Amino acid sequence: MSDTEIQQIATDIAGGRPPMVWFTAAAVGVPEGRSGKVVEIGDRSESDFLRVKPTGSKDVLSFSPTEVTLTKPPRDKAATASPVQPKSTTRKESTVTQPSTFTTSTATPPSPAPSPAPVAPKPVAPAAEPAKPAASAGPAKPATKATAAARTKAKAPEVTVTLTGTADGEWSVDVVSGKKKSVRGLPVTSSAVAQAAKVLHPEVAEVVAGILEAARVVQESKVQQLQVELQEARRLLEELSD
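Cut-offs applied
Residues numbered from 1 in each chain as written. Predicted model: local features only at pLDDT ≥ 70, side-chain atom pairs only at ≥ 80, totals over all residues. Heavy atoms only, no water. Helix = DSSP H or I, 4+ residues; strand = E, 2+ residues; numbered from the N terminus. Buried < 20%, exposed > 50% of the residue type's maximum accessible area, 1.4 Å probe, protein only. Contact = heavy atoms within 4.5 Å. Areas by Shrake-Rupley, 256 points an atom, 1.4 Å probe, with all protein chains shown as cover. Expected span 1.5 Å × (residues − 1). Arc of directions from axis to C-beta. Pairing = 2+ DSSP bridges. Salt bridge = Lys/Arg side-chain N within 4 Å of Asp/Glu carboxyl O. Core = buried A, V, L, I, M, F, W, Y, C linked by side-chain atoms within 4.5 Å. Axes fitted to C-alpha atoms, helices over the stretch in contact; angles between N-to-C directions. Parallel < 35°, antiparallel > 145°, perpendicular 65-115°, else oblique. Nonpolar A, V, L, I, M, F, W, Y, C, P; charged D, E, K, R; others polar. pLDDT = per-residue confidence, 0-100.

A count of helical and extended segments in the protein gives 7 helices and 8 strands. When the 242 residues of the protein are sorted by exposure, 19% land in the buried category. Counted over contacts in the protein with a minimum sequence separation of 6, partners at least 24 positions apart contribute 36%. For the protein, the accessible area works out to roughly 17,600 Å², and carbon and sulfur atoms hold 60% of it.

The subject of this paragraph is helix 1 (residues 3-14). Taking 1.5 Å per residue as the helical rise, helix 1 with its 12 residues ought to reach 16 Å, and the 17 Å between its terminal C-alpha atoms agrees with that figure. All of the buried residues along helix 1 are I6, I9 and D12. Down the axis of helix 1, the buried side of the element spans an arc of 120°, and every buried residue falls inside it. Those residues of helix 1 that are exposed and aimed more than 90 degrees away from the buried face are D3, T4 and A14.

Sheet strands pair by backbone hydrogen bonding; their relative direction is either parallel or antiparallel. An order of 4-3-2-1-5 is seen for the 5 strands of this open sheet, with the pairing classed as antiparallel. Each edge of the open sheet is held by one strand with a lone partner, namely strand 4 (61-63) and strand 5 (68-69). As paired strands, strand 2 (residues 35-41) and strand 3 (residues 50-54) are joined by 5 bridges and run antiparallel to one another. Counterpart to V38 in the pairing with strand 3 is V52.

A few words on helix 7 (residues 202-241). Between the first and last C-alpha of helix 7 there are 57 Å, a value that for 40 residues agrees with the 58 Å anticipated at 1.5 Å per step. Burial in helix 7 covers these residues: A205, V208, L212 and A215. On its buried side, helix 7 packs onto strand 7 (171-177) and helix 6 (190-200).

Our focus in this paragraph is the pattern of salt bridges. On inspection of all chains with the given rule, the structure shows 8 salt bridges. Residue E232 is joined to R235 by a salt bridge in which the shortest nitrogen-to-oxygen separation is 2.3 Å. On the criterion of helical spacing, the pair formed by E232 and R235 is a turn pair, its members being 3 residues apart in helix 7. Salt-bridge contacts for E239 lead to R235; the nearest nitrogen and oxygen are separated by 2.6 Å. Note that E239 and R235 are positioned in helix 7 at a spacing of 4 residues, about one turn of the helix. By relative accessible area, E239 is classed as partly exposed at 47%. Each of D48, K181 and R184 takes part in a single network of salt bridges with overlapping partners.

The next thing to look at is the nonpolar core. One finds V21, F23, V38, L50, V52, F63 and V68 to be the most contacted residues of the largest nonpolar core, which totals 13 residues. Within the residue set of this core, elements represented by two or more residues are helix 1, strand 1 (20-23), strand 3 and strand 4. If near-sequence neighbours (up to four positions away) are discounted, V52 is found in contact with V21, F23, G36, K37, V38, D59, V60, L61 and F63. The next biggest cluster of nonpolar side chains, apart from the first, holds 6 residues, and it includes W171, V193, A197 and A205.

Here 3 strands make up an open sheet; going across it, the order is 6-7-8 and the pairing antiparallel. In this open sheet, the two edge strands, each paired with only one partner strand, are strand 6 (159-165) and strand 8 (180-188). Across the sheet, the axes of successive neighbouring strands diverge by a mean angle of 15°, strand direction being ignored.

With their axes 7 Å apart at the nearest point, helix 6 and helix 7 run at an angle of 160° to one another. In this view, helix 6 runs roughly antiparallel relative to helix 7, as classed from their interaxial angle. Along the contact surface, helix 6 presents S190, V193, A194, A197, K198 and L200, while helix 7 presents V204, A205, V208 and L212. Class assignment of the residues belonging to the contact of helix 6 with helix 7 gives a composition of 8 nonpolar, 1 polar and 1 charged.

With that out of the way, let us pick up the confidence of the model for the protein. Atom-level detail of predicted coordinates should not be read off regions where pLDDT is low. Put simply, the protein has an average pLDDT of 74, and 67% of its residues get 70 or more. Considering only residues more than four positions removed or in separate chains, one finds that residues 77-112, a stretch of pLDDT under 50, has 8 contacts.

Attention now goes to the environment of E32. The residue E32 is located in the loop between strand 1 and strand 2 in this model. E32 gets classed as exposed once you look at its relative accessible area, which sits at 60%. Taking the C-alpha atoms as reference, E32 lies 7.7 Å from W22; in sequence the two are 10 residues apart. The contact partners of E32, leaving out residues within four places of it in the chain, are F23, T24 and A25.

Listed below in structure tokens is the structure:
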């Protein structure tokens, strides 16, 4: 986002019209393409001075100009109605089986009433059989409700940890819990980063070790250059002293 766009955002906020922005791939903890409104512009000496309220959220988060844009991205055509279908089908199946058992049991008693004694035992046998599936269908309902309740309780907020390093060997950590950025730009040492990489995975440790080695080479070259400048300065000081 350019300085001109930031100035335009400030003008819109001053006029009581918070502008709409969209999050880019660089945004931490927020999906790319999600919209939000800029409600305030903070101190520009900070990296994250844009105060943005994401759409559908009550929280106001801080972002840098690289994490948002005024250009609306193309709309994603993802379908969202698929998880509703299986619930309706299961309910229909449970209601169809129950009335069939009751009709067979109610239809059999009237027939033996007018008939003599030899005919009475024949309808009794089919009347006792449909009673078993009716009893087995009863406990199935609370089981499905219990599993659905267990699934809803098992949900936990997502946590995103971002590790950022520079060419000079400086490292920082950002932590986003759910939609809230709880830790922003916390400095960490290179040794702590190396230890964490070894614990995570050998491939991660190999990549981090290469980055740390490159930063060490840069710092060694700086030290050598400073030593040369220090020797030259001492020589000039000795000449001036003579």
